[in-house]
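Fold and contact review
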Amino acid sequence: MPEPRPFEPRIVGFLCNWCSYAGADLAGTSRTAYPPNIRIVRVPCSGRVDPLFVARSLRDGADGVLVLGCHPGDCHYADGNYHARRRFAVMRQLLVFLGIESERVRLDWVSASEGARFARVVSEFTEAVRKLGPLTAAVDHTIPVPRAAAPPPFVADPAPLAAELRALATRLLAERRVEVVLGWEKGTVRLRPLFARTPEQAARLEYDARALLNLAVYLRGLAGRKAAVVVRPADMRALNVLLHEGQVKREDLFVIGLGGDAGRGPLPASAYDALLGRAPESIDGGLPPFPAVSEIESWPAAKRSAFWNARFESCLRCYACRQACPLCYCTECLAEQLDPAWQAIAIDTAEKALFHALRAFHLAGRCTGCKACEDACPAGIPIGLLNQKVAKEVARLFGGYDTGLDPQRPLPLATFRKDETFTECGHE
Amino acid sequence: MSESFLTTESLSAWVDGLRTTHRVVAPVRCGAQVVFRPVEGAAEVAWDAGRADLSAKEHFLPATEAIVTWEPTESGVRAEAPLLRRPQVLLGARPCDGHALAVMDRLFLDDPVDVYYAERRARTTLVGLTCTDGPWEGCFCTTLGGGPAERRHLDVLLTRVEDGFAVDVVSAKGRALVASARLEALGGRTPERAPCVAALPVAGPEGWRARFDDAFWGELAERCLGCRTCTYDCPVCHCFDVRDRRLADGRIERLRCWDSCQGALCFAIAGGHNPRPTQAQRLRQRFMHKFLYYPAREEGEALCVGCGRCVVQCPVNVDVREVLGHVAEAAR
């Protein structure tokens, strides 16, 4: 029998043009040996390396992805690598959560004069990936979804709240203070969104624990019209992100907050135009614990991978999660873009996994945990766990950031600090 | 009419036997869902799971199918079109699942014949199950000419009786398949009754045409999220897109994948034009296609079998029954 061919990992390297690519050149001209497994893609800056490139490479057959840029402080564009560093730290943690071993992805710094260092980094990385073997795509439907204990209902007795809501909405419409009130009404199988434009329609407003989704998703479509919207705490935080990103104007809105008996409390009363239900006692700024996320983190990588592949196999690629998300507002989603086509039209596990990874990453520091995506998903995929994992990492890495609480504070992936370092990037 | 009987054990033995010669597809519990999947044996089949969350469409018009694969070889390029060669059995199909295939047959088996669909259809035997456990939320098959015990579009129809199933052999294909089953005489056993839902009024073509510019579509679209859930869980929605992709090993696949009229880019054409730029137009297209355009071309057959999946799975409760009601009322 012939000897089985030893595994030769395929490594994709994204190298910054100004430092690392020149460093690779120097290694070459100095005749410094390094493993030939790496295929180099020259990019203008490590800041150009969209996490999409990394995820796409892994899905397309790369066994490892190495991103090399200028040392912090040396960026040709002043701060591209600072941005790359933040992004990479979050994305790598997300990929690990999805079951990709951390050794397969690394961001490191190589200057134009560091030919020997380039060779060493590539050798180390290649050997680490070689030890892991090829990236596999096992699927295991038998691993149960870890579920946190069901939280108590947001409002113990919703009937008085619904009555208050109807009274307020009727008044707002009768006094012509708003054109439309966005709330929920009784549907044929569940509560559903209602756009009430007359006091008669306002009388149909309902509220109870089956009021799903996040009504802030409709606000961009109503731009320029005076609208009242009913929001729970997580919905309000998402609305704050929309305000922060300039997607809606505060003066167009009459925000009706709902205070609940459970979960994270509402924002300060000043965030709302009216606050119904429980008044805020204290603002809990911290992130809640995510026990289900911790459980998945404790699994070995192969189990995490098989678990998530089973979840993504059930995905229909119907985009209900994206469409229900107030913060997924791109007019042309990466998943559907034609030129360049980052994703194939295939409704297969690899493309679906890529979509979910990218969506979770695009919501880093933005998702407020409203769970509209999970409400909308017809396949029951625990999408919220991906967002919770990212939120947890963002809070841990960037100093307890609490999304949507303060509309003035810069979004964590749109800013950086020069003096920060993250071992999560995989470098020394 | 049923005159034969299979004990639950004989049914399992029969299904296990079929596995050796057929690809057996049946409703199975998978995570939070009930879906039609190939099974390894009778033990996996979820006979008691009710209406599957997804239709059996996947096994006739797969969500993703490489209709041609090109492989570079030393002598040139080899092209391969993967057709289903192994005979297939669809177990536990409900009468509406059978009806749905009959509806799609009109399109896919008409000239020019879709060879991929035709091959699967020709090699598949449908073993249905009467909806004695229904109706489920959203069911309205009687409105579209179906019924919970409708045998017409199936090859074999099973109906629950005490200790097993009454077997109604509908077609010659069905007769060939049950040849390997240990059938007994039904005797005095009475099949369970299948509860019926009252049929809803449906407007005629004139009624639908008159509603083309109705403000109703805009109102409905206001809450519609523009996702694809309704079209992908639908047993008869059949839009697809075709594009090529290169695989890491150098092969090239021509993919045919489900597409949806509810996607904002579905109708986009060269030059940046989009003839249906609003969600209201896209929603109207979905319903007009189902109840006006398709019936006009297919002898009155609607592109809907009343399975109710879209009714329960739409995240914002866009309910086709309400649409039918609105148009019928306006037509009156």
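Each chain carries its own residue numbering, running from 1 in the written order of its sequence. Chains carry letters from A onward and ligands carry numbers from 1 onward, assigned in written order. Given that this is a predicted model, residues contribute local features only at a pLDDT of at least 70 and side-chain atom pairs are listed and counted only at 80 or more, while totals for whole chains, interfaces and linings are drawn from all residues.

This part is about the overall build of chain A. Runs of H or I in DSSP of at least four residues are treated as helices and runs of E of at least two as strands, each being numbered from the N terminus. Within chain A, the regular secondary structure consists of 13 helices and ten strands. Values of the radius of gyration come from C-alpha atoms, whereas the globule rule sets the reference at 2.2 Å times the count of residues to the power 0.38. Over its C-alpha atoms chain A spans a radius of gyration of 24 Å, differing by no more than 12% from the 22 Å that the globule rule assigns to 428 residues. For chain A, the spread of C-alpha atoms along the three principal axes comes to 80 × 50 × 40 Å. Any residue whose C-beta has 12 or fewer other C-beta atoms within 10 Å is treated as exposed, any with 20 or more as buried, and any in between as partly exposed, C-beta atoms being built from the backbone. Taken over 428 residues, chain A has a buried fraction of 52%. Note that contacts rest on C-beta atoms placed from the backbone: two residues are in contact if these are within 7 Å. A separation threshold of at least 6 residues defines the contact pool for chain A, and within that pool the share at least 24 residues apart is 74%.

With that settled, the discussion passes to the domain arrangement of chain A. Along its sequence, chain A is organised into domain 1 (11-132), domain 2 (158-277) and domain 3 (291-405). For the purposes of this description, domain bounds are those given by an automatic or database domain assignment. Look at where the C-alpha atoms of domain 1 of chain A and domain 2 of chain A centre, and you get two points 47 Å apart.

Turning our attention to the packing of helix α6 (residues 216-223) of chain B against helix α8 (residues 279-297) of chain B. All names here are of chain B. Axis lines are fitted through C-alpha atoms, for helices just across the contact stretch, and the angle between N-to-C directions can take any value from 0 to 180 degrees. The geometry of α6 relative to α8 is characterised by a closest axis approach of 8 Å and an angle of 110 degrees between their N-to-C directions. With respect to α8, the element α6 is oriented roughly perpendicular. Between α6, through Trp217, Gly218, Leu220 and Ala221, and α8, the contact on the second element is made entirely by Gln279, Ala280, Leu283 and Arg284. For this scheme, ten residues count as nonpolar: Ala, Val, Leu, Ile, Met, Phe, Trp, Tyr, Cys and Pro. Four count as charged, namely Asp, Glu, Lys and Arg, and the remainder, Gly too, count as polar. Taken together, the residues of the contact of α6 with α8 break down into five nonpolar, two polar and one charged. Angles below 35 degrees are treated as roughly parallel, those above 145 as roughly antiparallel, those between 65 and 115 as roughly perpendicular, and all remaining angles as oblique.

This part is about the interface of chain B and chain A. On the chain A side, the residues contacting the 33 residues of chain B number 29 residues. Breaking the side of chain B that touches chain A down by element, the ones donating at least two residues are α6, α7 (229-232), β11 (240-246), β12 (252-258) and α9 (309-313) of chain B. Residues that form the side of chain B that touches chain A fall into these classes: 15 nonpolar, eight polar and ten charged.

All names here are of chain B. Structurally, the position occupied by Arg86 is in the loop between β5 (76-80) and β6 (88-93). For Arg86, a count of 8 C-beta atoms within 10 Å corresponds to the exposed category. A C-alpha to C-alpha distance of 9.1 Å links Arg86 and Thr124, two positions 38 residues apart in sequence. Setting aside its immediate chain neighbours within four residues, Arg86 contacts His22 and Arg23.

What follows is about the nonpolar core. Formed by 189 residues in total, the largest nonpolar core has its most connected members in Val229 and Val390 of chain A. If we ignore the near neighbours within four places in the chain, the residues touching Val229 of chain A are Leu182, Leu215, Ala216, Leu219, Leu253, Val255 and Ile256 of chain A. Connectivity within a nonpolar core runs through C-beta atoms within 7 Å, and the core itself is a set of buried Ala, Val, Leu, Ile, Met, Phe, Trp, Tyr and Cys residues. Core analysis: the next-biggest nonpolar cluster, separate from the first, contains 33 residues, Ala56, Leu158, Phe165 and Leu177 of chain B among them.

A separate point is the domain arrangement of chain B. All names here are of chain B. Under the domain assignment used here, chain B contains domain 1 (4-60 + 80-185) and domain 2 (205-331). The C-alpha-based centres of domain 1 and domain 2 are spaced at 26 Å. If you look at the interface, domain 1 gives 22 residues, while domain 2 gives 18 residues. Looking at the side of domain 1 that touches domain 2 residue by residue, the class counts come to eleven nonpolar, five polar and six charged.

This part is about unusual backbone geometry. A cis amide bond, omega 0 degrees, links Asp339 of chain A with the succeeding residue Pro340 of chain A. Relative to the helices and strands, Pro340 of chain A is located in the loop between α10 (320-324) and α11 (349-362). The linkage connecting Gly134 of chain B with the following residue, Pro135 of chain B, adopts the cis geometry, with an omega of -5 degrees. Examined against the element boundaries, Pro135 of chain B turns out to sit in the loop between β7 (124-129) and β8 (156-161). The backbone of Glu299 of chain B sits at a positive phi, close to 50 degrees, despite the residue not being glycine.

Quick look at helix α4 (residues 115-132) of chain A now. All names here are of chain A. With 18 residues, α4 should cover 26 Å at 1.5 Å per step; its first-to-last C-alpha distance of 26 Å lies within 8% of that length. Where α4 is concerned, the buried positions are Gly115, Phe118, Ala119, Val121, Val122, Phe125, Thr126 and Val129. Mapping the buried residues of α4 onto a view down its axis gives an arc of 165 degrees, with all of them on the same face. In this structure, the buried residues of α4 make contact with β1 (11-16), α1 (20-29), β2 (38-43), β3 (64-69) and β4 (105-109). A positive backbone phi angle near 85 degrees is found at Gly133, which sits one or two residues after α4. Given a helix with a known number of residues, its expected span is that number minus one, times 1.5 Å. When we speak of the arc, we mean the arc of directions from the helix axis to the C-beta atoms.

Let us look at the sheet that holds β12 of chain B. Two orientations exist for strands paired in a sheet by backbone hydrogen bonds: parallel and antiparallel. All names here are of chain B. Think of it this way: DSSP has to see at least two bridges between two strands before they count as a pair. Spatial strand order, β5-β4-β12-β11: four strands in an open sheet with antiparallel pairing. On the outer flanks of this sheet lie β5 and β11, each paired with one strand and no other. Geometrically, the sheet is characterised by an average inter-axis angle of 15 degrees between neighbouring strands, direction not taken into account. The sheet contact formed by strand β4 (residues 64-73) and β12 spans six bridges and is antiparallel. Directly across from Thr69, in β12, lies its bridge partner Glu253.

With that settled, the discussion passes to helix α2 (residues 51-59) of chain A. Residue and element names in this part refer to chain A. Buried residues of α2: Pro51, Val54, Ala55, Ser57 and Leu58, and no others. In a view along the axis of α2, the buried residues occupy a sector of 160 degrees, so they form one face of it. Where α2 is buried, its residues contact β1, β3, α3 (80-97), β4 and α11. Among the residues trailing α2, Gly61 stands out with phi positive, at a value near 115 degrees.

Next up on the list: the sheet that holds strand β9 (residues 164-169) of chain B. Residue and element names in this part refer to chain B. Across the sheet, eight strands lie side by side as β3-β2-β6-β7-β8-β9-β1-β10; this open sheet has mixed pairing. One side of each edge strand has no neighbouring strand; the edge strands of this open sheet are β3 (33-38) and β10 (184-185). In this structure, strand β2 (residues 23-30) lies alongside β6, joined through three bridges in parallel fashion. Across the sheet, residue Arg23 finds its bridge partner in β6, namely Gln88.

Moving on, we get to the packing of α11 of chain A against helix α13 (residues 383-397) of chain A. Residue and element names in this part refer to chain A. Direction vectors running N to C along α11 and α13 enclose 45 degrees, while the axes themselves pass 9 Å from each other. Comparing the axis directions of α11 and α13 gives the class oblique. Viewed along their axes, α11 and α13 form a crossing whose handedness is right-handed. Facing α11, whose interface residues are His356, Ala360 and Phe361, α13 presents Ile383, Leu386, Asn387 and Val390. Per-class residue counts for the contact of α11 with α13 are five nonpolar, two polar and no charged. The sense of a crossing depends on the near helix, which, turned anticlockwise from the far helix by less than a right angle, makes the crossing left-handed and, turned clockwise, makes it right-handed.

This paragraph deals with the pairing of strand β6 (residues 191-196) of chain A. The two faces of a sheet get side chains in turn, since along a regular strand they alternate between them. The buried count for β6 of chain A comes to five of six residues, which makes it a mostly enclosed element. Connecting strand β5 (residues 180-186) of chain A to the next strand, β6 of chain A, in antiparallel fashion are four residues.

Residues and elements named next belong to chain B. Where β11 meets β12, seven bridges bridge the pair, whose relative direction is antiparallel. Within the sheet, the bridge partner assigned to Val242 lies in β12 and is Arg256. Where β11 hands over to β12, the hairpin turn is made up of five residues, of which Gly250 adopts a positive phi near 100 degrees.

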